[in-house]
Amino acid sequence: MQQDLRQVDFGVRRFRLRSGPARNRLEDSGRAFLEGFNHSVDARNTDALGAALDGVAEELRGFAFEGAGMGCALLDLLTLSRGRRLRELLEGAGADYPHLIHVGAGWAFGKLRLRPWHALRAGDPLLHWLAWDGFGFHQGFFDSDRVVAGQRWERGLDARQRAVRDQGLGRCLWFHECAEPEALGLRVAEFPPWRRADLWSGIGLAAAYAGGADQDELRALAEAAEGHRAHLAQGAAFACAARLRAPTPLPEHCGSAALALTGVPPETAADWTDTALADLGPGPHTEQHYERWRAGIRRLWAAHHGCDSTGDPARQPAEGSWTTEAAPRSRRSR
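Residues numbered from 1 in each chain as written. Predicted model: local features only at pLDDT ≥ 70, side-chain atom pairs only at ≥ 80, totals over all residues. Heavy atoms only, no water.

A. Molecular detail of the packing of aromatic side chains. Summed over the entire model, instances satisfying the criterion amount to 17 aromatic pairs. Pairing Phe65 with Tyr97 gives two aromatic rings, centres 4.3 Å apart and planes at 10°, and the pair type is stacked. With a gap of 32 residues between them, Phe65 in helix 4 (residues 61–79) and Tyr97 in the loop between helix 5 (84–91) and helix 6 (98–111) connect regions that are remote in the sequence. Where Trp153 meets Trp194, the ring centres are 5.6 Å apart and the plane angle is 55°; that geometry is what we call tilted. Separated by 41 residues along the polypeptide, Trp153 in the loop between helix 8 (144–149) and helix 9 (159–176) and Trp194 in helix 11 (residues 193–209) bring together distant segments of the chain. Taken together through their ring pairs, the aromatic side chains of Phe10, Phe15, Phe33, Trp107, Phe137, Phe141, Phe142 and Phe175 make up a single cluster. Of note, Arg243 hangs over the ring of Tyr209, and the distance from its end group to the ring centre comes to 3.9 Å. (Phe/Tyr/Trp six-rings, centres within 6.5 Å; stacked < 30°, edge-to-face > 60°. Helix = DSSP H or I, 4+ residues; strand = E, 2+ residues; numbered from the N terminus. Lys NZ or Arg CZ within 6 Å of the ring centre and 35° of its normal.)

B. Structural context of the confidence of the model for the chain. Summary statistics for the chain give a mean pLDDT of 90 and a share of 92% for residues scoring 70 or more. Note that pLDDT drops below 50 for residues 314–334; the model gives that stretch 95 contacts with residues more than four away or on any other chain. (pLDDT = per-residue confidence, 0-100. Contact = heavy atoms within 4.5 Å.)

C. Highlighting helix 13 (residues 229–245). Taking 1.5 Å of rise per residue, 17 residues should cover 24 Å, and helix 13 covers 24 Å from first to last C-alpha, within 8% of that figure. Extensive coverage of helix 13 is indicated by the burial of 15 of its 17 residues. (Expected span 1.5 Å × (residues − 1). Buried < 20%, exposed > 50% of the residue type's maximum accessible area, 1.4 Å probe, protein only.)

D. Fine view of the packing of helix 2 (residues 21–42) against helix 3 (residues 46–53). Where helix 2 meets helix 3, the closest approach of the two axes is 9 Å, and the angle between their N-to-C directions is 155°. The angle between the axes of helix 2 and helix 3 places the two elements in the roughly antiparallel class. By crossing handedness, the relation of helix 2 to helix 3 is classed as right-handed. Contact residues: helix 2 offers Gly36, His39 and Ser40, while helix 3 offers Leu49, Ala52 and Leu53. For the contact of helix 2 with helix 3, the class distribution of residues is three nonpolar, three polar and no charged. (Axes fitted to C-alpha atoms, helices over the stretch in contact; angles between N-to-C directions. Parallel < 35°, antiparallel > 145°, perpendicular 65-115°, else oblique. Left-handed = near helix turned anticlockwise from the far one by under 90°. Nonpolar A, V, L, I, M, F, W, Y, C, P; charged D, E, K, R; others polar.)

So this is what it looks like as structure tokens:
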């Protein structure tokens, strides 16, 4: 089950190739993911897995835990253990990376062509939606001709499953287009209008979490999002919350992305996720809770900037619709 790290090379994947640091940063993220996966299938127990993952560079460690989430979920599915390994990872070494681990579990479902959460009883009921994000990323990464160029998706998905899947696909587009703003704008414009908001949310999340764009490119990205600025900001806010929850220093690129895409420091953007989550009341777990959480983040962004959910200052903040996306949990408060 060991994975060859060379499979994330952008030349092998036929992704956009750019000069400069973006390609190296994004390929390093992919290699860290596969390192985490390989550690998860090698480790004797979760303590050994945690020690191995702690050896990954701090800035890339979240990707390693995402890969470990995939590995643990894949082993659980293959051995019919009903989620034992994934549960132990979430309760132990990965307690500070729950969002990444749930996303990683989605990769396992995508790999086996199963729908989340088939045969697994593990994880947080609200975060279960993040598996659809990982599912979408996996499909875009390994089947880009069909999913990116062909804009196809799997049959039988309902509206909210498609929305979260498209957020994962949006994150994948950040890698597919090697963080190039103009290319991303053109790529998203190829999709039907009703899918674009979720794609931009995923792009915002990847831009802030993975990095790869300089300040001028981040400003160009915000301009390219046009009427989907709130979704772009929402994704970036969740990335800030995920980064700040981890016990590692906040990368410089996350702070830069927060300012460019949300207009506030990363701590403030992350606080929006806490506030919107608290507004849901105790025990949020349904798909309606997810929808309200995401809409709440956008409303807080719009209220801060005195505009509506498209970024237009001439109108009042609008309510969200189902074409929103799932996102990582807020910080250590949960």
